[in-house]
Number of protein chains: 2
Amino acid sequence: MSAIDDLATELAKLPGIGRKTALRLTYHLLKQPPEQSKRLATVLAELSDRVHRCSVCFNLTEADPCGICRDGRRDRTVICVVEEASDIGAIERAGEFRGVYHVLGGRLSPLDGVGPDDLTIRQLTERIQSDEIREVIVATNPSLEGEATALFVQRQVAPLGAAVTRIARGIPIGGDLEYADGVTIAQALSARRAM
Amino acid sequence: MSAIDDLATELAKLPGIGRKTALRLTYHLLKQPPEQSKRLATVLAELSDRVHRCSVCFNLTEADPCGICRDGRRDRTVICVVEEASDIGAIERAGEFRGVYHVLGGRLSPLDGVGPDDLTIRQLTERIQSDEIREVIVATNPSLEGEATALFVQRQVAPLGAAVTRIARGIPIGGDLEYADGVTIAQALSARRAM
């Protein structure tokens, strides 16, 4: 195998990058100054050494606990439950939520062999039992598996006394009724509110 | 900057990869075993050390001269002129061409400040003068700049005695007349051959 093939093979393992794109990226890097591929190599090599899971909320972090769990201004009585650490970034960018998080590490998916023990659901119930939690907001994705996971979390958490809520599903802002799917429109109608 | 941001920033410098895709790739790597990002880092770091330009044809290679220039079964009297080393792979995969190559390293583009001296046109004329060359096939892309480059190469090479030919332009195999642009159809018509 040549160095070009080696790199293209590794790049093609990434999601959304096929063999042709991998080769194009490789040739692109060969046209750039060597420093660019060297720097990319360095940050890649450091990634898994520097980034770990927060021992409280399972967010990806370089410090433990993570910045959000350590932040004294956050409301520790409200936990927002998400599937992946990347979802925290999306919610934080919205700038609305001032509570803390809990990363499940995926969603229930019997077909892929992902059961409750593969997620951090037990650790979530332990947090709720040891800390004073007012509300658990379940923010798994509104997909079939995300809804099933939300329902499972709700059944585990509700007996512990905290209120369990689910993020609203409906037509996205800037979205178009004409292009929305039937399930979303049905949700938007049934969750209608007085104006 | 965090390790996640560092990597996303470097990945976003690659062509066709925006900020969101870069973050998605980073989170993907964090879900894989650390070995995957380590291996990618290793081949990236080695890339610019292992790969160089062939001193004869300017192909990207780990040995000098490159495998094609060293191959005794290739016809050294026919040179196929291409813009980039990546074009050689495309032509080799077709399995038709048995001559050797010359990589220009780009195409003439006055708007981008790329003139004849930025390409390996002088080295091409030197090759033709020192070796016995029967034919020079100009295989630059059939774009505006590729055609201008082809014309320039033809004018430099023709006085040296070698035949200068241009790859055919027309409707691609499996292509559809209905979706072909007018210039391509005009080319396909004017270059028609007796059946």
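As the structure is a prediction and not an experimental result, all values here were calculated from the model.

A. Focus on the domain arrangement of chain A. What the domain assignment reports for chain A is domain 1 (3-50) and domain 2 (71-166). Relative placement of domain 1 of chain A and domain 2 of chain A: their C-alpha centres are 35 Å apart.

B. Seen up close, the interface of chain A and chain B. Listed as interface residues are 41 residues of chain A and, on the opposing side, 41 residues of chain B. Roughly 4100 Å² is buried in total at the junction of chain A and chain B, and carbon and sulfur atoms are behind 68% of that figure. Of all residues in chain A, the largest losses of buried area upon contact with chain B belong to Glu10(A), Leu44(A) and Leu47(A), amounting jointly to 15% of the total for that side. Summed over the shared surface of chain A and chain B, the number is eight salt bridges.

C. Fine view of the nonpolar core. Counting 42 residues, the largest nonpolar core has Leu7(A), Leu40(A), Leu44(A), Leu7(B), Leu40(B) and Leu44(B) as its most contacted members. Listing elements by their share of this core, those giving two or more residues are α1 (3-11), α2 (19-31) and α3 (34-50) of chain A together with α1 (3-11), α2 (19-31) and α3 (34-50) of chain B.

D. Main features of the pattern of salt bridges. All names here are of chain A. The final tally for this structure, using the stated rule, is 32 salt bridges over all chains. The residue arginine 166 makes a salt bridge to glutamate 147 at a minimum N-O spacing of 3.2 Å. Here glutamate 147 lies in helix α7 (residues 144-157) and arginine 166 lies in strand β6 (residues 163-166), a separation of 19 residues in the sequence. Arginine 166 sits in the partly exposed class, given a relative accessible area of 22%.

E. Quick look at the packing of aromatic side chains. All names here are of chain A. Evaluation of the coordinates by the stated rule reveals two aromatic pairs over all chains. Taking 5.2 Å as the distance between ring centres and 65° as the angle between the ring planes, the aromatic pair formed by phenylalanine 97 and tyrosine 101 counts as edge-to-face. The two residues phenylalanine 97 and tyrosine 101 agree in class, both being buried.

F. Structural detail: the relation of the copies chain A and chain B. Aligned on chain B, chain A shows an RMSD of 0.0 Å; the corresponding rotation is 180° and the shift along the axis is 0.0 Å. The superposition operator between the copies reduces to a two-fold rotation axis. Within chain A, the C-alpha atom positioned nearest to the axis of rotation is that of Ala41(A), 2.1 Å from it. When you check the interface residues of chain A against chain B, 100% turn up at the interface there too, and the contact is symmetric in its surfaces.

G. Highlighting the packing of helix α6 (residues 121-130) of chain A against α7(A). Residues and elements named next belong to chain A. Direction vectors running N to C along α6 and α7 enclose 35°, while the axes themselves pass 10 Å from each other. α6 and α7 meet at a crossing whose hand is right-handed. Contact residues: Ile121, Leu124, Thr125 and Ile128 in α6; Phe152, Val153, Gln156 and Val157 in α7. When grouped by side-chain class, the residues that make up the contact of α6 with α7 number six nonpolar, two polar and no charged.

H. Looking closely at unusual backbone geometry. Residue and element names in this part refer to chain A. Omega for the peptide link from aspartate 64 to proline 65 comes to 0°, which places this bond in the cis form. By the secondary structure assignment, proline 65 is in the loop between β2 (60-61) and α4 (67-70). One non-glycine residue with positive phi stands out, namely phenylalanine 58, at about 70°. Within the fold, phenylalanine 58 resides in the loop between β1 (52-53) and β2.

I. Representation of the pairing of strand β3 (residues 75-82) of chain A in the model. Residue and element names in this part refer to chain A. When β3 meets strand β4 (residues 99-103), the two strands line up parallel, connected through five bridges. Note that in β4 the partner of valine 81 across the bridge is histidine 102. Each parallel crossover has a hand, and for β3 linked through helix α5 (residues 85-94) to β4 it is right-handed.

Calculation criteria
Numbering of residues starts from 1 in each chain and follows the order in which that chain's sequence is written. Chains carry letters and ligands carry numbers; both start at the beginning, A for chains and 1 for ligands, and go up in the order they are written. Thresholds applied to this predicted model are a pLDDT of at least 70 for local features of residues and 80 or more for the giving and counting of side-chain atom pairs; totals over whole chains, interfaces and linings are not thresholded and use all residues. For side-chain calculations, the full set of non-hydrogen atoms in the structure is used, while hydrogens and water are omitted. The split into domains, and so the bounds of each, comes from an automatic or database assignment of domains. Every residue pair with non-hydrogen atoms within 4.5 Å of one another is taken to be in contact. Here the quantity called buried area is the total loss of accessible area, with a 1.4 Å probe, experienced by two parts when brought into contact, counted for both. Whenever Lys or Arg places a side-chain nitrogen within 4 Å of a carboxyl oxygen from Asp or Glu, that contact is recorded as a salt bridge. Only buried Ala, Val, Leu, Ile, Met, Phe, Trp, Tyr and Cys residues count toward a nonpolar core, and they belong to the same one when joined by side-chain atoms within 4.5 Å. Under the scheme applied here, a residue whose accessible area is under 20% of the maximum for its type counts as buried, over 50% as exposed, and between as partly exposed, the area being computed with a 1.4 Å probe on protein chains only. Comment: elements are numbered from the N terminus, with helices defined as DSSP H or I runs of at least four residues and strands as E runs of at least two. Ring pairs shown here join Phe, Tyr and Trp side chains whose ring centres sit within 6.5 Å, with only the six-membered ring taken for Trp; geometry is labelled stacked below 30 degrees between planes, edge-to-face above 60, and tilted in between. Only residues with pLDDT of at least 70 in both copies contribute their C-alpha atoms to the least-squares superposition of the copies. Axis definition: a line fit to C-alpha positions, over the contact stretch in the case of helices; interaxial angles, taken between N-to-C directions, run 0 to 180 degrees. Should the near helix be turned counterclockwise from the far one by less than a right angle, the crossing is left-handed, whereas a clockwise turn marks it as right-handed. Asp, Glu, Lys and Arg are counted as charged, while Ala, Val, Leu, Ile, Met, Phe, Trp, Tyr, Cys and Pro are counted as nonpolar; the rest, among them Gly, fall into the polar class. At least two bridges found by DSSP between two strands are what make those strands a pair. Seen with its strands pointing away from the viewer, a crossover is right-handed if its path from the first strand over the helix to the second goes clockwise.

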